[in-house]
Amino acid sequence: MTYVNEGSMTAIGVIFPVLTVLSLCLLVYGRRHRARHIEIDDILIIPAAVLEIGMGVALIIGAQMNVIGGHSYPAITPTEQAELGKFEYAFWIGDVLSIGFIKLSILFLFRRIFRGQTHRTAFDYVNSTLIATVVLWTVVFLFFEIFICGVDPSMGWSSQESPRTGCMDTIGLQISCAVFSWVLDLAILIEPLPMVLKLNMSTRRKAQLSLVFLCSIFSVVAGLLRMIPWIQIHVQDFSNPFMKILDSDLATSDREGIVSIVLFWTYVEIGIGFLVSSLLRTAWIFDQITRAPFTSKIRSIPSVSSLSSRWERDQRSKEGQCKNLFQETRMPTPQRKESSSQSMDDTVGLIYKEP
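All of these numbers come straight from a predicted model, not from anything done at the bench.

Criteria and cut-off values
- Position labels on residues start from 1 in each chain and follow its written sequence.
- In view of the model being predicted, local features appear only for residues whose pLDDT reaches at least 70, and side-chain atom pairs are presented and counted only at 80 or more, with totals across whole chains, interfaces and linings using the full set of residues.
- Excluding hydrogens and water, the side-chain values take into account all heavy atoms of the structure.
- Going along the chain from the N terminus, every DSSP run of H or I of four or more residues is numbered as a helix, and every run of E of two or more is numbered as a strand.
- Throughout this description, buried means an accessible area under 20% of the type-specific maximum (1.4 Å probe, protein chains only), exposed means over 50%, and partly exposed covers the range between.
- In what follows, a contact means two residues having at least one pair of non-hydrogen atoms within 4.5 Å.
- All accessibility values rest on the Shrake-Rupley procedure with a 1.4 Å probe; residue burial counts only the protein chains present in the view.
- A pair of aromatic rings is counted whenever rings of Phe, Tyr or Trp (Trp by its six-membered ring) have centres within 6.5 Å, and the orientation is called stacked for planes under 30 degrees apart, edge-to-face for over 60 and tilted otherwise.
- Cysteine sulfurs are considered disulfide-paired once they come within 2.5 Å of each other.
- Whenever Lys or Arg places a side-chain nitrogen within 4 Å of a carboxyl oxygen from Asp or Glu, that contact is recorded as a salt bridge.
- Note that patches include only residues with greater than 30% relative accessible area and no salt bridge, and the join distances are 9 Å for like charges and 5 Å for nonpolar side chains (Val, Leu, Ile, Met, Phe, Trp, Tyr).
- At least two DSSP bridges between two strands are required for those strands to pair.
- Here an axis means a line fitted to C-alpha atoms, over the contact stretch when the element is a helix, while the angle between two N-to-C directions is reported on a 0 to 180 degree scale.
- Each angle is binned into one of four classes, with values under 35 degrees roughly parallel, values over 145 roughly antiparallel, values of 65 to 115 roughly perpendicular, and all other values oblique.
- Note: crossing handedness is left-handed where the near helix turns anticlockwise from the far helix by less than a right angle, and right-handed where it turns clockwise.
- Polar here means any residue other than Ala, Val, Leu, Ile, Met, Phe, Trp, Tyr, Cys and Pro, which are nonpolar, and Asp, Glu, Lys and Arg, which are charged; Gly is therefore polar.
- For a helix, the expected span equals 1.5 Å multiplied by the number of residues minus one.

Student: Could you give an account of the overall build of the protein chain, with specific residues and numbers?
Tutor: Looking only at helices and strands, the protein chain has 13 helices and two strands in total. Buried residues in the protein chain amount to 44% of all 355 residues. A separation of at least 24 residues holds for 79% of the contacts in the protein chain among residues at least 6 apart in sequence. Summing over all exposed atoms, the protein chain offers an accessible surface of approximately 19,100 Å²; the carbon and sulfur share of this is 67%.

Student: Break down the packing of aromatic side chains for me, with residues and values.
Tutor: The final tally for this structure, using the stated rule, is 14 aromatic pairs. Both rings, one in W137 and one in F141, keep their centres 5.8 Å apart while their planes meet at 50°; by these two values the pair is tilted. Taken together, the residues span about one helical turn, with W137 and F141 both in helix 4 (residues 122-146) at a distance of four residues. On the accessibility criterion, W137 (5% relative accessible area) is buried.

Student: An account of the state of the cysteines is needed here, citing residue identities and associated values.
Tutor: Here the structure, examined in full by the defined rule, presents one disulfide. In this model C149 forms its disulfide with C167; the gap between the sulfur atoms is 1.8 Å. Because the sign of the S-S torsion sets the handedness, a value of about 95° for the bond joining C149 and C167 places this disulfide among the right-handed ones. Here C149, found in the loop between helix 4 and helix 5 (162-166), pairs with C167, found in the loop between helix 5 and helix 6 (170-190); they are 18 residues apart in sequence, far enough to count as distant. Just as C149 is buried, C167 falls in that class too.

Student: Help me get a handle on the pattern of salt bridges, residues and values and all.
Tutor: Per the stated rule, a full pass over the model turns up six salt bridges. Counted as one network, the salt bridges with shared partners bring together D95, R226 and E269.

Student: I'd like to hear about a nonpolar patch on the surface, residue by residue, with values.
Tutor: Where nonpolar side chains cluster on the molecular surface, the patch consists of L136, V140, F143, F144, F147, V151 and M168 and spans about 650 Å² of accessible area. Mapped onto the secondary structure, F144 falls in helix 4. According to the relative accessible area criterion, F144 is partly exposed, its value standing at 30%.

Student: Help me get a handle on the pairing of strand 2 (residues 248-251), residues and values and all.
Tutor: Two strands pair when backbone bridges link them, and strand 1 (residues 242-245) and strand 2 are joined in this way by four bridges, in the antiparallel orientation. Paired with I245 across the bridge in strand 2 is S248. Counted between consecutive antiparallel strands, the loop separating strand 1 from strand 2 contains two residues, among which L246 sits at a positive phi close to 55°.

Student: If you had to explain unusual backbone geometry to someone new, which residues and values would you point to?
Tutor: The phi torsion at N66 lies on the positive side, around 60°, for a residue other than glycine. Although it is not a glycine, L246 adopts a positive phi angle of roughly 55°. Summarising the element assignment, L246 is placed in the loop between strand 1 and strand 2.

Student: An account of the packing of helix 6 against helix 9 (residues 217-235) is needed here, citing residue identities and associated values.
Tutor: Where helix 6 meets helix 9, the closest approach of the two axes is 9 Å, and the angle between their N-to-C directions is 160°. In terms of axis orientation, helix 6 runs roughly antiparallel to helix 9. In this structure, the crossing between helix 6 and helix 9 has a hand that is left-handed. Contact residues: I171, Q174, I175, C177, A178, V179, W182, D185, L186 and L189 in helix 6; I217, S219, V220, G223, L224, R226, M227, W230, I231, I233 and H234 in helix 9. By residue class, the composition of the contact of helix 6 with helix 9 is 15 nonpolar, four polar and two charged.

Student: Tell me what's going on with helix 2 (residues 40-64), and back it up with residues and numbers.
Tutor: Across its 25 residues, helix 2 extends 37 Å between first and last C-alpha, which sits within 8% of the 36 Å expected from 1.5 Å per residue. Among the residues of helix 2, those classed as buried are D41, D42, L44, I45, A48, A49, E52, M55, G56, L59, G62 and A63. Taken from the residues just after helix 2, N66 is the one with a positive phi, measuring 60°.

In short, the description is geometric, and any link to function would need to be established separately.
Structure below.
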């Protein structure tokens with residue numbers, strides 16, 4: 001028995017889609033209160049959410065129908081082989097697409113925040129390179145996942161021997177996909193940090209903003225947990241009766257149990273990646289909540305006596321303001337051209353409000 005079973009597969013299939021819906025609600029709330037135009041990163045997050053929710057529903061259905069989450073010991077039957085093979089085929093295609101959309105949404109968000117206003121900077125070149133790399137990664141591995149067995153996908157589940165004879169190396173393909181994805185996660189984690197240090201903010205505020213971007217480290221850890229099982233499967237000898245995957249000992253013939261562990265951590269990576277992408281957009285909402293607690297608002301309500309004295313002071317101040325109104329309109333303040341760094345600070349402030 002392992003921690004990956006019908007119950008745990010169903011649990012993550014419920015938890016992450018629910019959190020995704022809540023994240024989307026926060027994004028809609030933030031957009032209504034910020035009233036900004038829809039950007040490319042806002043568009044990319046939509047298919048990522050649809051794919052993640054759909055894959056969560058698939059995990060729930062697969063677990064309840066005993067396709068995944070169980071064990072095929074001492075040997076998998078032809079019917080189980082066909083059901084599991086079809087499930088895997090669809091899941092890996094959705095995996096590449098969802099991870100690709102999530103990475104692109106984060107990179108385009110960074111581009112919107114930190115891009116140079118007057119000229120292309122080193123960040124712009126790095127960001128464009130990463131975007132092109134993610135697009136290439138998505139297209140290449142999507143092609144391999146679709147045509148892993150040529151034009152006949154059924155070769156992957158028609159028999160126990162057909163995947164070895166009629167398809168390319170599945171384990172090698174998944175290792176390559178996971179390793180490249182993890183390297184891209186590392187690059188996305190590091191990319192915004194040098195730009196944060198250049199902002200005109202206090203050290204405390206820079207540290208807070210850096211912590212928000214460092215939430216991407218959760219995606220790096222999840223990607224590592226997805227990559228390790230594939231490497232363990234590859235290096236172990238299939239002639240041995242048992243193999244160890246992470247901290248679980250499984251029979252080598254238990255294909256359903258082995259595949260279920262890989263599916264589990266793959267979906268965890270997708271779910272965490274989407275939550276990190278959403279957090280980067282909605283961090284200012286939590287910042288407002290923690291900075292203006294309800295009790296402080298209660299204390300700030302003025303008393304009746306203070307309202308009376310404040311009204312008298314306001315009347316006196318209005319008289320002075322009227323006298324200076326004509327002078328202020330005749331002496332406009334010269335406008336200073338906004339620099340690239342100032343514009344960058346303002347853009348960050350629109351997303352993460354600075355005190």
